[in-house]
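# Chains, contacts and geometry: an overview
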Amino acid sequence: MTDHDREPDSDDTPRLQIDRPYSGETGTEERLALNRTGSFEWDLDARSLDIDAAGLLVFGLDPEEFTPDPGILVSRLDPAERARLELAIDEAITGVHSSYSVHFQVPRENGTHQWTHVQARILRRDDGRAHRVIGVVRDATAEITHSAFVLDLEKRRQRQTSIVERTTSAMSRAVSVNDVTATLTGPSGLAMLGADGLALGLVENTSMNVIAVSGVAPESIIEIGSGNLDPRFPLADTVLSGQPCFMTSIAGLLRRYPALEPYTDQLKFRAAAYLPLVAQARSLGGLALFYCERTAFNADERNLCLGLAAIVAQSLQRATLFDEEREFATGLQSAMLPRRIQEIEGGEIAVRYHAARSGRQVGGDWYDVIALPKNRFGIVVGDVEGHDTPAAAIMGQLRIALRAYAGEGHPPATVLARASRFLAELDTDRFATCTYAQVDLLSGTVRVVRAGHFGPLIRHVDGRVGTPQIRGGLPLGLFTDFGNEEYPETRLDLVPGETLVLYTDGLVEKPGADIESGVCALIHEVSTGPASAQALADHLSDRLWERWGAGDDVALLILRRSPDPGSRRAPRLHQYIHQADPEGLSDARSIVRQALQDWNMADLADDAELVTGELLVNVLLHTEGGAVLTLEVVPEPVRRVRLSVQDRSSAWPRRRTPGETATSGRGLLLLDAVAVRWGVEPRGEGKAVWCEIGPATPPPSGPAVAAAATPREAHESADPAETPDPSDPTEERR
């Protein structure tokens, strides 16, 4: 039996002689030694370690000097490595493991470290206690080094893949050229590209315009890069040649482009890649990427830069086409909307149109102000279904038709009925919603109709916002399907100082929430916003449309009736009390008291508040609408308070003689007792009951004036129809 055929555990196993002559055959031990692999046996009971020559060679030990003490071998390791190795072995031996494998570093004489791998099997007795460990030890430095190289290569490839993926994802969301530049120059733009600076230039005819600069890009690149394409500068040169240029040093860049010498102090980078942007054989511009740490571009890195340039070029081409189409669409839409809003007498109108920031920025929302006979005018806000060029075209046709029907003098209900028929006959599957109102600011009358649209909001003079119940019909264009083109009319009264707000859904559509929460937010902003129509329109645009994300079109029209504060000596206020407002009566009484205190007439507040309640209750209980309360000071000849309540009923109040146990019919008696004089006047479609509260005669030192009418004189001068008639159902109930 040859030496290498002997059992390795026999006592006469010869030690391996590494330098013996090659015999043409190699045994197992020699093959292990040549692969820097050895074996060992560790007797746990005897605490001795037997390791062959190949194993000692792995640890760099002399076989003649080695003793079987395991501690000597472990003591050669660095403390951190020794602790890690001992922990791994202890856990394996004291546990239930049958083997273990661990990598650790062994210091070399030249100051470097060798990666060593131990793989061992644990032999246990019947009771489970370990008594022997046998295994192999080998030099794993080459393996680990190769693995580190592979890992580093994989990391670089993953990084390049991540750059491409992030850039592709970001550019896919860029719709316009502005979106592309914002993505490249945004907070994460340079990190996305893996660069420290960039410059983007677009070609326009024979010139180039640098539209984006970020990071360490030299400031002068805007100056030297914009204008006629000059091959003396790198960005223009790469655009003209269509070939990329990779520069790995400033010296090399200056040698190739000496025209950059005056700008040397601005060159804060160490390497740069100048890349042409070409899409479908068309040169769009150039992209320059600047790096502060890089000093070379390998093949993969060059391909990465070219891939990034291709992604940016494709995005720019798509964005340029989009901008051209959007410019056409927005031009069409601008032509469809009124270019100028006429000034109105007795009020102020503000309009706003905001196009959605996504998509083509064109839609079917519109507004209009239409001059009507007898100093009236119509106002309308509407929305055609869709957010595209056809929606804008239909909107323009519908707006013109509605304007024509309104200008013919038709009532609001007829205007919408004819507009609905017109839209249905356009042979389109689109429908539209709108709210239309005819306004007479002289009287404050507003006649409103709506077609599947939001009703208006009314901001009262005290800042409260009302949501009047406006009856509505179907959206325009649907009457042929349902056989219903009825658009009922609702009348509102806009008192001086009040504001009417018409809007489309883009102002109240809050992402992730129902429409009601958006309407509530709008009501809050209208209530707390500025009084001026123009300022309020800007406030709503900033606070709502911008907040919601500007994802939808918005048409907004705000009409404010000019306030009527009276003069300094004769102040005046107006307040509308809606019949369906449960707090309106209480608010009106508070407003009257506060106004008189502000006017230094607090001594009349109790009587004025009492009369206010009586007159308003009669209107709210016995008519079919709200009331307009007017409070003013009459300075001549006696400083009094004049209080007027106007309603839409033509039935005048009637005096009654209630019995002692009657619970109603004392309203006019109370008015007789409190007011100096009172009366009834016809007002448009209804009447106004007025009274004056204050001194009955002028002060003794005042000029001689005609005596004011007494309450009885006011009653006697009233219309004969005021004679009480117990059988009349319109007779006063209080």
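Residues numbered from 1 in each chain as written. Predicted model: local features only at pLDDT ≥ 70, side-chain atom pairs only at ≥ 80, totals over all residues. Heavy atoms only, no water.

The secondary structure content of the protein chain amounts to 20 helices and 27 strands. Residues classed as buried in the protein chain amount to 47% of the 734 residues present. As presented, the protein chain carries roughly 36,800 Å² of accessible surface, and 50% of it is formed by carbon and sulfur atoms. (Helix = DSSP H or I, 4+ residues; strand = E, 2+ residues; numbered from the N terminus. Buried < 20%, exposed > 50% of the residue type's maximum accessible area, 1.4 Å probe, protein only. Areas by Shrake-Rupley, 256 points an atom, 1.4 Å probe, with all protein chains shown as cover.)

Glancing now at the pairing of strand S21 (residues 499-503). When you tally the buried positions in S21, you get 5 out of 5 residues, the bulk of the element. Of the two faces of S21, the one lined by Thr499, Val501 and Tyr503 and the one lined by Leu500 and Leu502 are each fully buried. One ladder, built from 3 bridges, connects strand S17 (residues 457-459) with S21; its direction is antiparallel. If you follow Leu457 over to S21, its bridge partner there is Val501. In this structure, S21 lies alongside strand S22 (residues 554-561), joined through 5 bridges in antiparallel fashion. The residue of S22 that forms the bridge with Leu502 is Leu557. (Pairing = 2+ DSSP bridges.)

On to helix H9 (residues 234-241). With 6 of its 8 residues buried, H9 lies for the most part within the structure. Three or more residues of H9 are buried, namely Pro234, Leu235, Ala236, Asp237, Thr238 and Val239. Tucked inside the fold, the buried residues of H9 contact strand S6 (197-204), strand S7 (207-215), strand S9 (245-247), helix H10 (250-256), strand S10 (271-279) and strand S11 (282-291). In the stretch just after H9, Gly242 is the one whose phi turns positive, near 75 degrees. (Contact = heavy atoms within 4.5 Å.)

What holds strands together in a sheet is hydrogen bonding between their backbones, with the strands either parallel or antiparallel. Strands sit in the order S2-S1-S5-S4-S3 across an open sheet of 5 strands; the sheet is antiparallel. Pairing within the sheet leaves two strands with one partner each, and these edge strands are strand S2 (48-51) and strand S3 (99-107). On average, each strand axis in the sheet is inclined to that of its neighbour by 25 degrees, with strand direction left out of account. As judged from the 7 bridges shared by strand S1 (residues 37-43) and strand S5 (residues 130-139), these two strands associate in the antiparallel manner. Within S5, the residue paired with Glu41 across the bridge is Ile134. (Axes fitted to C-alpha atoms, helices over the stretch in contact; angles between N-to-C directions.)

Strand order in this open sheet of 6 strands is S8-S7-S6-S11-S10-S9, and the pairing throughout is antiparallel. Edge positions in the sheet fall to strand S8 (227-228) and S9, since each of these pairs with one other strand and no more. Pairing of S7 with S8 involves 2 bridges; the strand directions are antiparallel. Following the sheet pairing, Ser207 is matched in S8 by Asn228. On the sheet, helix H6 (residues 177-185) packs against S6 and S7 and is oriented at approximately 35 degrees with respect to S7.

This part takes up the pattern of salt bridges. Counting across every chain of the model gives 27 salt bridges. A salt bridge links Glu41 to Arg132, with the nearest nitrogen and oxygen atoms 2.2 Å apart. Of this pair, Glu41 sits in strand S1 while Arg132 is found in strand S5, placing the two residues 91 residues apart along the sequence. Salt bridges here are not isolated pairs; linked through shared partners, they connect Asp564, Arg572, Glu632, Arg640, Arg642, Arg677, Glu681 and Glu692. (Salt bridge = Lys/Arg side-chain N within 4 Å of Asp/Glu carboxyl O.)

This part covers unusual backbone geometry. We note that Asn375 has phi near 60 degrees; this positive angle belongs to a residue other than glycine. Structurally, Asn375 is set in the loop between strand S13 (364-372) and strand S14 (376-384). Although it is not a glycine, Asn600 adopts a positive phi angle of roughly 60 degrees. Looking at the element boundaries, Asn600 is found in the loop between helix H17 (584-598) and helix H18 (605-622).

This next bit is on the packing of aromatic side chains. Within a pair of aromatic rings, the relevant descriptors are the distance that separates the centres and the angle that separates the planes. Scanning the model with the defined rule gives 6 aromatic pairs in all. Look at Phe269 and Phe290: their rings are 4.6 Å apart centre to centre, the planes differ by 40 degrees, and that puts the pair in the tilted class. Taken as a pair, Phe269 in the loop between H10 and S10 and Phe290 in strand S11 lie far apart in primary sequence, 21 residues in all. On the basis of relative accessible area, Phe269 is assigned to the buried category, the value being 4%. A residue is classified by how much of its surface remains accessible, and Phe290, at 1% relative accessible area, is buried. Here the aromatic rings of Tyr274 and Phe290 are separated by 6.1 Å at their centres, their planes lie at 85 degrees, and the arrangement is edge-to-face. (Phe/Tyr/Trp six-rings, centres within 6.5 Å; stacked < 30°, edge-to-face > 60°.)

This part takes up the packing of helix H12 (residues 389-407) against helix H13 (residues 412-424). In the contact formed by H12 and H13, the axes pass within 9 Å of each other and the chain directions differ by 145 degrees. Along this stretch, H12 crosses H13, giving a crossing that reads as right-handed. Within the contact between the two elements, H12 uses Ile394, Gln397, Leu398, Ala401, Leu402, Tyr405 and Ala406 and H13 uses Val415, Leu416, Arg418, Ala419, Phe422 and Leu423. Of the residues that constitute the contact of H12 with H13, the class distribution is 11 nonpolar, 1 polar and 1 charged. (Left-handed = near helix turned anticlockwise from the far one by under 90°. Nonpolar A, V, L, I, M, F, W, Y, C, P; charged D, E, K, R; others polar.)

Before going further, it helps to spend a moment on the nonpolar core. Among the nonpolar cores identified, the biggest contains 51 residues, and Ile379, Tyr436, Leu476 and Leu559 are the most heavily contacted of them. Considering each element in turn, this core owes the most residues, 8 residues, to H12. Sequence-distant contacts of Leu559, that is, excluding residues within four places in its chain, are made with Ile344, Glu348, Ile349, Phe377, Ile379, Val439, Leu441, Leu494, Glu498, Thr499 and Leu500. (Core = buried A, V, L, I, M, F, W, Y, C linked by side-chain atoms within 4.5 Å.)

Turning our attention to the packing of H17 against H18. It is the contact of H17 with H18, at a shortest axis distance of 9 Å, that shows an interaxial angle of 150 degrees. By the angle between their directions, the pair H17 and H18 is classed as roughly antiparallel. Relative to H18, the crossing made by H17 is right-handed. Contact residues: Leu585, Ala588, Arg589, Val592, Arg593 and Leu596 in H17; Ala605, Asp606, Ala608, Glu609, Thr612, Gly613, Leu616 and Val617 in H18. (Parallel < 35°, antiparallel > 145°, perpendicular 65-115°, else oblique.)

Attention now moves to the side chain of Ser220. Relative to the helices and strands, Ser220 is located in the loop between S7 and helix H8 (221-225). Discounting residues that sit within four places of it in the chain, Ser220 has contacts with Gly225, Tyr263 and Gln266.

What follows deals with the side chain of Lys687. Counting through the fold element by element, Lys687 comes out in strand S27 (residues 686-693). For Lys687, the side chain forms a polar contact with the side chain of Asp647, separated by 3.0 Å. For Lys687, the side chain forms a polar contact with the main-chain oxygen of Ser649, separated by 3.3 Å. (Polar contact = N/O pair within 3.5 Å; in protein donor to acceptor, adjacent residues only side chain to side chain.)

Turning next to the pairing of S5. Bridge count for strand S4 (residues 113-124) against S5 is 9 bridges, and the pairing is antiparallel. Looking at S5, one finds that Arg121 is bridged to Ile134.

It is worth spelling out the confidence of the model for the protein chain at this point. Confidence in the prediction for the protein chain averages 81 pLDDT; 84% of positions are at 70 or higher. Element-level pLDDT for the protein chain is lowest in helix H20 (residues 711-716), with a mean of 40, against a maximum mean of 95 in S21. Every residue in residues 702-734 is under pLDDT 50, and counting partners more than four places away or in other chains gives 57 contacts. (pLDDT = per-residue confidence, 0-100.)

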